[in-house]
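Now for the letters of each chain:
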Amino acid sequence: DAGVIQSPRHEVTEMGQEVTLRCKPISGHDYLFWYRQTMMRGLELLIYFNNNVPIDDSGMPEDRFSAKMPNASFSTLKIQPSEPRDSAVYFCASSQDRAWYGYTFGSGTRLTVV
Amino acid sequence: QQPVQSPQAVILREGEDAVINCSSSKALYSVHWYRQKHGEAPVFLMILLKGGEQKGHEKISASFNEKKQQSSLYLTASQLSYSGTYFCVSNFGNEKLTFGTGTRLTIIP
């Protein structure tokens, strides 16, 4: 298996622009998680899905952030409009079942908003 | 609700042992441990599901005391490859995990 695949690896955008991050989870994993990592706040859970349905989006910082999972093999995290404080590394992770199994993380997308 | 780890950072010489502690103010259902190397994604090490359970992974083992809401990670005869930031990750009984504050481990030759 190729693991969790994220794209792009790096994204530099100007403030106010729309940014879309993509994730392909491991086949057969029912859970998908979006995390954000910064030096100040560490790893924060933004939202997670179970069987393509959003379960908890309480970590999404603002209405500027939205996430979708149209099918079992694809998810997106969108920021519109982007701001400099959104600069971070965004990780997608997938898991087989609840928290009985470990998460497999993608390589992450390093987002820089200038 | 974020688990607190200690120490925040530790430097070891190759071959030395280390213990990383993790404490939660909220009851834990299970504890995960992850290691993240600089510029890379976190990698799952192990999960502990029962009180007092101890598990091992190579020369890395961990214990979990659910009554005390604590977990410890033990690294014996450390190798250069063990360098990285270690996270304890708490599960409070649902699907989502909360990452701890992290412990940066540096192994020097």
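Cut-off values and rules
- Residues numbered from 1 in each chain as written.
- Chains lettered and ligands numbered in written order.
- Predicted model: local features only at pLDDT ≥ 70, side-chain atom pairs only at ≥ 80, totals over all residues.
- Heavy atoms only, no water.
- Contact = heavy atoms within 4.5 Å.
- Buried area = accessible area lost by both parts, 1.4 Å probe.
- Salt bridge = Lys/Arg side-chain N within 4 Å of Asp/Glu carboxyl O.
- Polar contact = N/O pair within 3.5 Å; in protein donor to acceptor, adjacent residues only side chain to side chain.
- Helix = DSSP H or I, 4+ residues; strand = E, 2+ residues; numbered from the N terminus.
- Nonpolar A, V, L, I, M, F, W, Y, C, P; charged D, E, K, R; others polar.
- Pairing = 2+ DSSP bridges.
- Axes fitted to C-alpha atoms, helices over the stretch in contact; angles between N-to-C directions.
- Disulfide = S-S within 2.5 Å.
- Buried < 20%, exposed > 50% of the residue type's maximum accessible area, 1.4 Å probe, protein only.

A. Representation of the interface of chain A and chain B within the structure. Across the contact, 19 residues belong to chain A and 19 residues belong to chain B. Here chain A and chain B share an interface that buries about 1,700 Å² over both sides, 57% of which is from carbon and sulfur atoms. Our count for the contact surface shared by chain A and chain B stands at zero salt bridges. Linking chain A with chain B are two residue pairs in polar contact (both at pLDDT 80 or more). At the level of secondary structure, the elements contributing two or more residues to the side of chain A that touches chain B comprise β4 (31-38) and β5 (42-50) of chain A. Considering every element that reaches the side of chain A that touches chain B, the biggest residue donor is β4 of chain A, with four residues. Counted by class, the side of chain A that touches chain B contains 12 nonpolar, five polar and two charged residues.

B. Inspection of the sheet that holds strand β8 (residues 74-79) of chain A at higher detail. All names here are of chain A. Spatially, β1-β3-β8-β7 is the arrangement adopted by the four strands of the open sheet, whose pairing is antiparallel. Looking at strand neighbours, the two that pair on one side only are β1 (5-7) and β7 (65-71), the edges of this open sheet. Across this sheet, the average inter-strand angle for adjacent strands is 15 degrees, counted without regard to direction. Here three bridges tie β1 to strand β3 (residues 19-24), and the two strands are oriented antiparallel to one another.

C. Spotlight on the state of the cysteines. Here the structure, examined in full by the defined rule, presents two disulfides over all chains. Paired by a disulfide, cysteine 23 of chain A and cysteine 92 of chain A hold their sulfur atoms 1.9 Å apart. Since a negative S-S torsion denotes a left-handed disulfide, the cysteine 23 of chain A-cysteine 92 of chain A link at about -65 degrees is left-handed. Linking cysteine 23 of chain A in strand β3 with cysteine 92 of chain A in strand β9 (residues 88-95), this pair joins segments that are 69 residues apart in sequence. You can call cysteine 23 of chain A buried: its relative accessible area is 1%. There is a disulfide in this structure between cysteine 22 of chain B and cysteine 88 of chain B, and the S-S distance comes to 1.9 Å. Judged by the sign of its S-S torsion, about 60 degrees, the bond between cysteine 22 of chain B and cysteine 88 of chain B is right-handed. Here cysteine 22 of chain B, found in strand β3 (residues 18-23), pairs with cysteine 88 of chain B, found in strand β9 (residues 84-91); they are 66 residues apart in sequence, far enough to count as distant.

D. Representation of the side chain of threonine 109 of chain A. Residues and elements named next belong to chain A. Along the chain, threonine 109 falls in strand β11 (residues 109-113). We classify threonine 109 as buried; its relative accessible area is 0%. Beyond its immediate sequence surroundings of up to four residues, threonine 109 is in contact with Gln6, Ser7, Pro8, Arg9, Glu11, Leu21, Ala88, Val89 and Tyr90.

On their own, these measurements won't tell you what the molecule is for.
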